[in-house]
Amino acid sequence: NQTIEFIKNSTFSSFWWTEDRIKTEHVFKLEKNAAQKIQVLLNRDSDEGNHTLLISALIKLIQADNNLALIAMEEANDLSSYITDPFLLENITSELEKSQKQYDKAWWHINKRHYVVSIEFFRKAWNHSQQVILFVDKTTTPEITIDQPKNGSYTNIPQQTVSGNVSDVRPYTMDIVAFMFN
């Protein structure tokens, strides 16, 4: 079934940073395609049992896309605190407002029972939030703290274990952190 394929494809690990953060809007597009197929089946099928299952599947898709948009919006809003330049902050605030407007439009469409269309507005809300997230990520330097060896210590051994922490505005994007010491 093509609907199941769209949903399965939207879960490819290459599209996801974590279980609740996506790398690409392609997930929304696949889920919108699945929702369209479900809507066609709903319009064609008069069996009440099938309707219940199809409505449940549609609701789950909408909930998932709502959550993806909301998480991105919350993250973008939180990260906006890293920006102190008034001009940049104005641009970021504008993107956050656009995101909220798209999110509100999604819910307007849900209330009008235009479920498939709502996914497109969740995608747009996510996109505006992503603009903020990517900008803050690009303009914020990660912080590196070395705990061991202690600052100012000296060693003349050929190998030394180093431990510490790296903090970044989007830590879920970092797989491996490597350091070079001279």
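Conventions and cut-offs
- Along each chain, the written sequence defines residue order, and numbers are assigned to residues from 1.
- Residues qualify for local features only when their pLDDT is at least 70, as the model is predicted, and side-chain atom pairs are given and counted only at 80 or more; totals for whole chains, interfaces and linings, by contrast, use all residues.
- With hydrogens and water set aside, each side-chain value is computed from the structure's full complement of heavy atoms.
- Helix and strand assignments follow DSSP, with helices taken as H or I runs no shorter than four residues and strands as E runs no shorter than two, numbered in order from the N terminus.
- Using a 1.4 Å probe on the protein chains alone, a residue whose accessible area is under 20% of its type maximum counts as buried, one over 50% counts as exposed, and one in between counts as partly exposed.
- Positive charges come from Lys and Arg alone, negative charges from Asp and Glu alone, with His and the N- and C-terminal ends not counted.
- Salt bridge, as used here: a side-chain nitrogen of Lys or Arg that lies within 4 Å of a carboxyl oxygen of Asp or Glu.
- The definition of a polar contact used here is a pair of N or O atoms within 3.5 Å, where within protein one atom must be able to donate a hydrogen and the other to accept one, and adjacent residues in sequence count solely through side-chain atom pairs.
- In what follows, a contact means two residues having at least one pair of non-hydrogen atoms within 4.5 Å.
- The score called pLDDT rates the predictor's confidence residue by residue, from a low of 0 to a high of 100.
- Residues belong to one nonpolar core when they are buried, are Ala, Val, Leu, Ile, Met, Phe, Trp, Tyr or Cys, and are joined through side-chain atoms within 4.5 Å.
- Candidate patch residues must exceed 30% relative accessible area and have no salt bridge, after which like charges are joined if within 9 Å and Val, Leu, Ile, Met, Phe, Trp or Tyr side chains if within 5 Å.
- Surface accessibility in these figures is a Shrake-Rupley result with a 1.4 Å probe; residues are shielded only by whichever protein chains are displayed.
- Put simply, two rings from Phe, Tyr or Trp (the six-membered ring, in Trp's case) pair if the centres are within 6.5 Å, and we call them stacked under 30 degrees between planes, edge-to-face over 60, tilted for the rest.
- Comment: the charge-over-ring label is applied if NZ (Lys) or CZ (Arg) is within 6 Å of the ring centre and within 35 degrees of the ring normal.

## Topic: unusual backbone geometry
- Note the cis peptide between Gln148 and Pro149, where omega equals 0°.
- For Pro149, the position within the fold is in the loop between strand S3 (143-148) and strand S4 (163-167).

## Quick notes on the side chain of Glu31
- For Glu31, the position within the fold is in helix H2 (residues 26-44).
- It turns out Glu31 is buried and unbridged, and the closest side chain with the opposite charge, Arg123, is 11 Å from it.
- Separated by 3.1 Å, the side chains of Glu31 and Ser10 make a polar contact.
- Setting aside chain neighbours within four positions, we find Glu31 in contact with Ser10, Leu61, Ala64, Asp65 and Ile119.

## Considerations on the confidence of the model for the protein
- Residues of the protein with pLDDT of at least 70 account for 92%, and the chain-wide mean is 88.
- No element of the protein has a lower mean pLDDT than S4, at 77, and none a higher one than helix H4 (residues 86-111), at 95.

## Things to note about the pattern of salt bridges
- Within the structure shown, the criterion is met by 8 salt bridges.
- Note that Asp20 is salt-bridged to Arg21, the shortest N-O span being 3.5 Å.
- Residue Asp20 is classed as partly exposed on the basis of its relative accessible area of 28%.
- Residue class for Arg21 comes out partly exposed when judged on its relative accessible area of 25%.
- We note a salt bridge from Glu25 to Arg123, for which the minimum N-O separation is 2.9 Å. Residue Glu25 is found in the loop between strand S2 (21-22) and H2, and its partner Arg123 is found in helix H5 (residues 115-139); the two are separated by 98 residues along the sequence.
- If you follow the salt bridges from partner to partner, you end up with Glu25, Lys29, Lys32, Glu120 and Arg123 in one network.

## Here's the deal with the nonpolar core
- With 36 residues, the main nonpolar core has Ile22, Phe28 and Phe122 as its most contacted residues.
- Elements with a contribution of two residues or more to this core: H2, helix H3 (48-79), H4 and H5.
- The dominant element in this core, judged by the number of residues it contributes, is H3, at 10 residues.
- When residues no more than four places from it in sequence are discounted, the contact partners of Ile22 are Phe15, Trp16, Trp17, Val27, Phe28, Leu68 and Trp126.

## What about a nonpolar patch on the surface?
- Taken together, the side chains of Ile144, Ile146 and Val162 define a hydrophobic patch exposed on the protein surface, amounting to about 240 Å² of accessible area.
- Counting through the fold element by element, Ile146 comes out in strand S3.
- Exposure remark for Ile146: the relative accessible area of 39% places this residue in the partly exposed category.

## With respect to the packing of aromatic side chains
- For the structure shown, the criterion picks out 4 aromatic pairs.
- Note on Phe28 and Trp126: the rings are 5.9 Å apart at their centroids and 55° apart in plane angle, and the pair reads as tilted. Of the two residues, Phe28 is situated in helix H2 and Trp126 in helix H5; the sequence distance between them amounts to 98 residues. The residues Phe28 and Trp126 share a single accessibility class, namely buried.
- Where Tyr103 meets Phe122, the ring centres are 5.6 Å apart and the plane angle is 50°; that geometry is what we call tilted. Within this pair, whereas Tyr103 is found in helix H4, its partner Phe122 is found in helix H5, the two being separated by 19 residues in sequence. Here the two residues Tyr103 and Phe122 agree in accessibility, since each one is buried.
- Through pairs of rings, three or more aromatic residues link up here, namely Tyr103, Trp107 and Phe122.
- Above the face of the Trp17 ring, Lys23 is positioned so that its terminal group lies 4.7 Å from the ring centre.

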